[in-house]
Structures are given as C-alpha cells and as structure tokens.
Amino acid sequence: MVRTTAELLVASAPLGLTVAELAERSGLGAESGGRAALRHLAEDRAWPLAAHPRFAYPAPERPEVPTAARLIAAERGELPTLTWDMLPLKGEIGRALVALLDGSRDLDALAAELGGRADELDLGGIDAGRLREAIAARLEELGRAGALKRPG
C-alpha cells in the first residue's frame, strides 16, 4: 500500500495529489488513503495535499508570474515561487523573460519580444526557432518550480 501510494505521489509531480485523489487512484478507501498520506508525510517521503496548489503546470498559453514576484526578480535576480522557494534567474535574459510574463503574451510573442532585444541581451545571433525552443524549455522549468500562476 505505502509503495503504491508513494509511486502515485512521485508520478504526480510537480502538481501532486490531494489526499482524496491519492485514496481514489490507489483503490484505497478514504480512511486508508488518509493513513497512507499521513505515513508519507511523517516519513518525509512525499507531501500529500489538502488542495491543489495555485501554480500552473504545464505553462498556460499566456504564462504569468505574479506581479510582486516579477518585481522581486527584477531587483534581486531570483524569483520567488508559489511554493515558497527562491529560483535563481539566469542573467539578464532570465530577468527579461520573467519581466515579460504578465499573462499577455504567448510563446510566439515572448520570442518576438526577446528576439527584438537580441543585441541588448547578447543573444549572439540565435535564430527564432532556437530562441522559441529555449523559451519553451525555460517555461517548463518555471512551471515545474511552481513559479507560474494558474489562469483564472
């Protein structure tokens, strides 16, 4: 039972499962599922949730980082996530990308905006396709880290 529930929790990362979802997916009743969740918590192996987090994963079509987090990132070079971690940004490019993540731009618009600042950001002649791929990869990282707001 504990091994099965642990595997379910690990496979559900980064969003995780609520205790009710853990019980349902493992085929346990609510009481047994709750006991399994408490055991994982007590042994610090996994963190079952009471409710789903407010972050988005995968990145939504128009990714957004909360305003306060964008301001902190611009000043400190590290991004506070919605899971209470601090995520170091990768130089000026990282800061520039996070500054653009206000929920108004899709991947193409983000690539166009950063591509238009290629000289300023020292992107060294990167072509549009590679830039778009690099941005998509960074959005994946930001989503996994809990840095992107869930739409709505």
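Attention in this report is confined to the structure presented alongside it. (Residues numbered from 1 in each chain as written. Predicted model: local features only at pLDDT ≥ 70, side-chain atom pairs only at ≥ 80, totals over all residues. Heavy atoms only, no water.)

Next up on the list: helix α4 (residues 67-76). Inspection of α4 places A69, R70 and A73 among the buried residues, and these make up the whole buried set. Axial view of α4: buried residues confined to an arc of 100 degrees, hence all on one face. Opposite the buried face of α4, at more than 90 degrees from it, the exposed residues are L71, E75 and R76. Next to the buried residues of α4 lie β1 (78-80) and α5 (91-100). One or two steps after α4, the chain reaches G77, where phi turns positive at roughly 80 degrees. (Buried < 20%, exposed > 50% of the residue type's maximum accessible area, 1.4 Å probe, protein only. Helix = DSSP H or I, 4+ residues; strand = E, 2+ residues; numbered from the N terminus. Arc of directions from axis to C-beta. Contact = heavy atoms within 4.5 Å.)

By the element assignment, R138 lies in helix α7 (residues 128-144). Within the structure, R138 has its side chain in polar contact with the backbone oxygen of P88 (distance 3.5 Å). (Polar contact = N/O pair within 3.5 Å; in protein donor to acceptor, adjacent residues only side chain to side chain.)

What follows covers the pattern of salt bridges. Counting across every chain of the model gives nine salt bridges. The closest approach of N and O atoms between E113 and R105, which form a salt bridge, is 3.3 Å. When its relative accessible area of 17% is taken as the criterion, R105 is described as buried. By sharing partners, the salt bridges in this structure join K90, R138 and E141 into a single network. (Salt bridge = Lys/Arg side-chain N within 4 Å of Asp/Glu carboxyl O.)

Before going further, it helps to spend a moment on the nonpolar core. Ranked by size, the top nonpolar core spans 25 residues in total, and within it L79, L101, L114, I135 and L142 carry the most contacts. For this core, the secondary-structure elements that each account for two or more residues are α4, α5, α6 (107-116) and α7. When residues no more than four places from it in sequence are discounted, the contact partners of I135 are L97, L107, L110, A111 and L114. (Core = buried A, V, L, I, M, F, W, Y, C linked by side-chain atoms within 4.5 Å.)

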